[in-house]
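So you can see what is in the structure, the chains are spelled out below.
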Amino acid sequence: YAFDNNLIGETGRVIMGVIAGAVLLLLGDFLSKKEKYRQYSFFISGGGLGLLYLSIYGAFNFYHLIGQAPAFIFMILVTLGGMTISIKENSEKLAGLAILGGFLTPFLVSNGQDNQFALFSYVLILIIGFLFLSYFRKWRVIYFLNFVGTFVIFFSWMSQFYSESKLSPTLIFLSLFFLVFLIAPFLRSLFSGQKS
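I will try to describe carefully the structure that is included in this document.

Cut-offs and rules
- All residue numbers refer to position in the chain's written sequence, counted from 1.
- Restriction of local features to residues with pLDDT of at least 70 applies here, the model being predicted, together with a cutoff of 80 or more for giving and counting side-chain atom pairs; totals for whole chains, interfaces and linings are based on all residues.
- To get the side-chain values, take all heavy atoms of the structure and skip hydrogens and water.
- We define a salt bridge as a side-chain nitrogen of Lys or Arg found within 4 Å of a carboxyl oxygen belonging to Asp or Glu.
- Elements are defined by DSSP. Helices are runs of H or I of four residues or more, strands are runs of E of two residues or more, and each kind is numbered from the N terminus.
- Side-chain atoms within 4.5 Å are what join buried Ala, Val, Leu, Ile, Met, Phe, Trp, Tyr and Cys residues into a set we call a nonpolar core.
- Think of it in three bands: residues with accessible area under 20% of the maximum for their type are buried, residues over 50% are exposed, and the middle band is partly exposed, with areas taken using a 1.4 Å probe on protein chains only.
- Should any heavy atoms of two residues lie within 4.5 Å, those residues are considered in contact.
- The definition of a polar contact used here is a pair of N or O atoms within 3.5 Å, where within protein one atom must be able to donate a hydrogen and the other to accept one, and adjacent residues in sequence count solely through side-chain atom pairs.
- Interaxial angles span 0 to 180 degrees and are taken between N-to-C directions of axes, which are lines fitted to C-alpha atoms, for helices over the stretch in contact.
- Any angle between 65 and 115 degrees counts as roughly perpendicular, while under 35 counts as roughly parallel, over 145 as roughly antiparallel, and the rest as oblique.
- Each residue is assigned to one class: nonpolar for Ala, Val, Leu, Ile, Met, Phe, Trp, Tyr, Cys and Pro, charged for Asp, Glu, Lys and Arg, and polar for all the others, Gly among them.
- Helices are assigned an expected span. That span is 1.5 Å times one less than the residue count.
- Comment: arc refers to directions from the helix axis out to C-beta atoms.

Points about the pattern of salt bridges
A side chain of one charge can pair with a side chain of the opposite charge when the charged atoms of the two come close.
Phase 1 of the analysis: With the rule as written, the count across this model stands at five salt bridges.
Phase 2 of the analysis: Put simply, D29 and K88 hold a salt bridge, and the shortest N to O gap is 2.6 Å. Of this pair, D29 sits in helix α1 (residues 10–32) while K88 sits in helix α3 (residues 68–89), placing them 59 residues apart in sequence.
Phase 3 of the analysis: Close ionic contact of D114 with K166 constitutes a salt bridge, the shortest N to O distance being 2.4 Å. Placement of D114 in the loop between α4 (92–108) and α5 (116–137) and of K166 in the loop between α6 (140–161) and α7 (167–183) is noted, with a sequence separation of 52 residues between them.
Phase 4 of the analysis: The structure contains a network of salt bridges with shared partners spanning D29, K33, R38, K88 and E89.

Dropping the structure here:
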């Protein structure tokens, strides 16, 4: 009723979403300290991350309160927050949600224009960060989600923007992606002597 009659404006709606997301993250953190509610707390924290992503998306895409660059930066911060919480709580599910948000970010803040260098640099940083996370926590699902996310973003970009003039930078980025995924499985055997 308040939204329909504009008693709460667009800015207020976004602020409410951000506050609700932050409250859910704090509640999830509080409940995670109690063994009885630990598994349930991850759903609450995941809901908080989801609300933050949706609030930023709404502020950028629906209400046009912020530009593309701030929306991109805010979503990266939410992804980093999710990654930090998943490490702190040792939760593979939260890490999976954070990586999903990280790979959805380019789609959510896209303006339909090609920016290959920025997009692929972002993906490279994202996969390196999450692969190190999966290395330290032994989270094989995160490794798989990284691969699928990289695959989806690359082929989404390729179907829209690729041309022969972009062959060289495309091959360079694909080679870097390949190297990251090639090296990551062997890190544990190299540094800790475990068989890979």
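From this point on, the discussion continues.
Re the nonpolar core
Phase 1 of the analysis: F103, F120, V123, I127, F130 and F177 are the most contacted members of the largest nonpolar core, which has 25 residues in total.
Phase 2 of the analysis: Only α4, α5, α6 and α7 provide two or more residues apiece to this core.
Phase 3 of the analysis: Of the residues forming this core, the biggest block, 10 residues, is contributed by α5.
Phase 4 of the analysis: Once residues lying within four places of it in the same chain are set aside, the contact partners of F103 are V123, L126, I127, L145, N146, G149, T150 and I153.
Phase 5 of the analysis: One finds L25, F42, L49 and V78 within the second-largest nonpolar core, a separate group that totals 12 residues.

Overview of the side chain of S121
Phase 1 of the analysis: Within the element layout of this structure, S121 appears in helix α5.
Phase 2 of the analysis: A polar contact of 2.7 Å, which involves the side chain of S121, links it to the backbone oxygen of F117.

Some words on the packing of α3 against α4
Phase 1 of the analysis: One way to put it is that α3 packs onto α4 with a least axis distance of 8 Å and a crossing angle of 170 degrees. Taken together, the axes of α3 and α4 lie roughly antiparallel to each other. Here F72, M75, T79, G82, M83, I85 and S86 of α3 come into contact with α4, specifically with L94, A95, A98, G101, G102, T105 and L108.
Phase 2 of the analysis: Across the contact of α3 with α4, the residue classes tally to eight nonpolar, six polar and no charged.

As for α3
Phase 1 of the analysis: Compared with the 32 Å implied by 1.5 Å per residue over 22 residues, the 31 Å span of α3 between its first and last C-alpha is a close match.
Phase 2 of the analysis: All of the buried residues in α3 are A71, M75, V78, T79, G82, M83, S86 and E89. The buried residues of α3 occupy an angular sector of 145 degrees when the element is viewed end-on, so they sit on one face. Looking at α3, the residues exposed on the side facing more than 90 degrees away from the buried face are T84 and K88.
Phase 3 of the analysis: At the C-terminal side of α3, N90 shows a positive phi close to 55 degrees.

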